[in-house]
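Results of the structural survey
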Amino acid sequence: MVTGKLTIAIVAVATLFASCTYPLRKHESGIFVEPRVWDFGTVKRGETVTGKVILRNFTDTTFTVSVYSTCDCLEASLEAEEISPNTSITISLSYLGDAVKEHVSKSLFVKLNNSAERQLRVDVTGKVIPGEKPHLVALPNPIPIERSHGTSNFLEISNRGKEELAISQIRCYGCESNAMNLRLGSGEKAVIVVKLVPEWQGKRWLEIESNDPVTPLRKIAIIELP
C-alpha cells in the first residue's frame, strides 16, 4: 500500500513539474512580442490613449529593430533600436481616436533585421466614441464640378464636435472660394462656393486648416467633369 501511494505521489509531482515548465519551454527559443493584441479599451475621438508591448529575444542572435503602423493615428517608439540575445525591450504605443467606430482594427509591424529579414505583428483594437473636441466634416469629398452646369459647386462644412471649430484658412489650388476662414459651434454648418479657375493646368484641390485634432489639415480633391 505504501509503494502504491508513493508511485501516485511521484506521478503527481512529475505532472505538476511538467505543467510548470511548459511555458518556460516556449520561451527557450524564438523572438516574439507580448501581448500580441493591444486592446486600448474605449477612447473619445480626438483624444489619445497610450500603452506598451514587450519584444523578447530568446535566441542567440542580435537584431536591429524598427516599427511602422498601418495608420498615422497609431504611433510607436522603441526603447532601443537593437535587441541582444536573451533580453527584452519595450515598445511604447499611442493611438489617437481618429474616427468614431464600434470596433477599431489597426496593426503595428515590428521589423527585425540580421542576416535575414522578418517581421512580427501587433493587432490594435478598441472602440472610439464621439468626443468633445472639434470635428470637421466636409461634403462632398471629392468635389465634382461639371462645366456644363457652370464652373462652381457647393461644399458643406460642419462641426460634429462639442467644442468650437475654428477654421483658420481655406486655400484653393486651381479654384476660388467665397470664404477664407470660419468659426462653427457644435452642430453648426456652413455652405461655401468653390469655383474653378479657368486657366489652371493640372490637378485641383482645396485645403482646410483648422483646430480639428485628428485632421488639422484637410485636403479635398476637385474633380472636373465635362
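Residues numbered from 1 in each chain as written. Predicted model: local features only at pLDDT ≥ 70, side-chain atom pairs only at ≥ 80, totals over all residues. Heavy atoms only, no water.

Moving on to the pattern of salt bridges. Summed over the entire model, instances satisfying the criterion amount to 12 salt bridges. Residue K189 pairs with E156 through a salt bridge whose shortest N-O separation is 4.0 Å. One end of the pair, K189, is in strand β16 (residues 189–196); the other, E156, is in strand β12 (residues 152–159), and 33 residues separate them in sequence. A salt bridge links R171 to E209; the shortest N-O distance between them is 2.9 Å. Of this pair, R171 sits in strand β13 (residues 165–173) while E209 sits in strand β17 (residues 204–210), and the two are 38 residues apart along the sequence. (Salt bridge = Lys/Arg side-chain N within 4 Å of Asp/Glu carboxyl O. Helix = DSSP H or I, 4+ residues; strand = E, 2+ residues; numbered from the N terminus.)

What follows is about the packing of aromatic side chains. Tallying each qualifying case throughout the model produces five aromatic pairs. Aromatic side chains F40 and Y95 sit 4.7 Å apart centroid to centroid with 25° between the ring planes, which places their arrangement in the stacked category. In this pair, F40 sits in strand β2 (residues 37–44) while Y95 sits in strand β7 (residues 87–96), placing the two residues 55 residues apart along the sequence. Ring centres 5.4 Å apart and planes at 25° place the aromatic pair Y68 and F109 in the stacked group. (Phe/Tyr/Trp six-rings, centres within 6.5 Å; stacked < 30°, edge-to-face > 60°.)

Let's shift gears to the state of the cysteines. Structurally, a disulfide amounts to a covalent bond that connects the sulfur atoms of two cysteines. Applying the stated rule across the entire model yields one disulfide. Covalent S-S linkage joins C71 and C73, the inter-sulfur distance amounting to 2.1 Å. With the S-S dihedral at roughly 125°, the linkage between C71 and C73 falls on the right-handed side. The two residues C71 and C73 agree in class, both being buried. (Disulfide = S-S within 2.5 Å. Buried < 20%, exposed > 50% of the residue type's maximum accessible area, 1.4 Å probe, protein only.)

Residue placement: N57 occurs in strand β3 (residues 48–58). Taking relative accessible area as the criterion, N57 reaches 0% and is therefore assigned buried. In contact with N57, not counting residues within four places along its chain, are G30, I31, F63, I83, S84, P85, N86 and T87. (Contact = heavy atoms within 4.5 Å.)

Averaged over every residue, the pLDDT of the protein chain is 88; the share at 70 or more is 86%. This model gives residues 1–27 a pLDDT under 50, and the stretch forms three contacts once residues within four places in sequence are excluded. (pLDDT = per-residue confidence, 0-100.)

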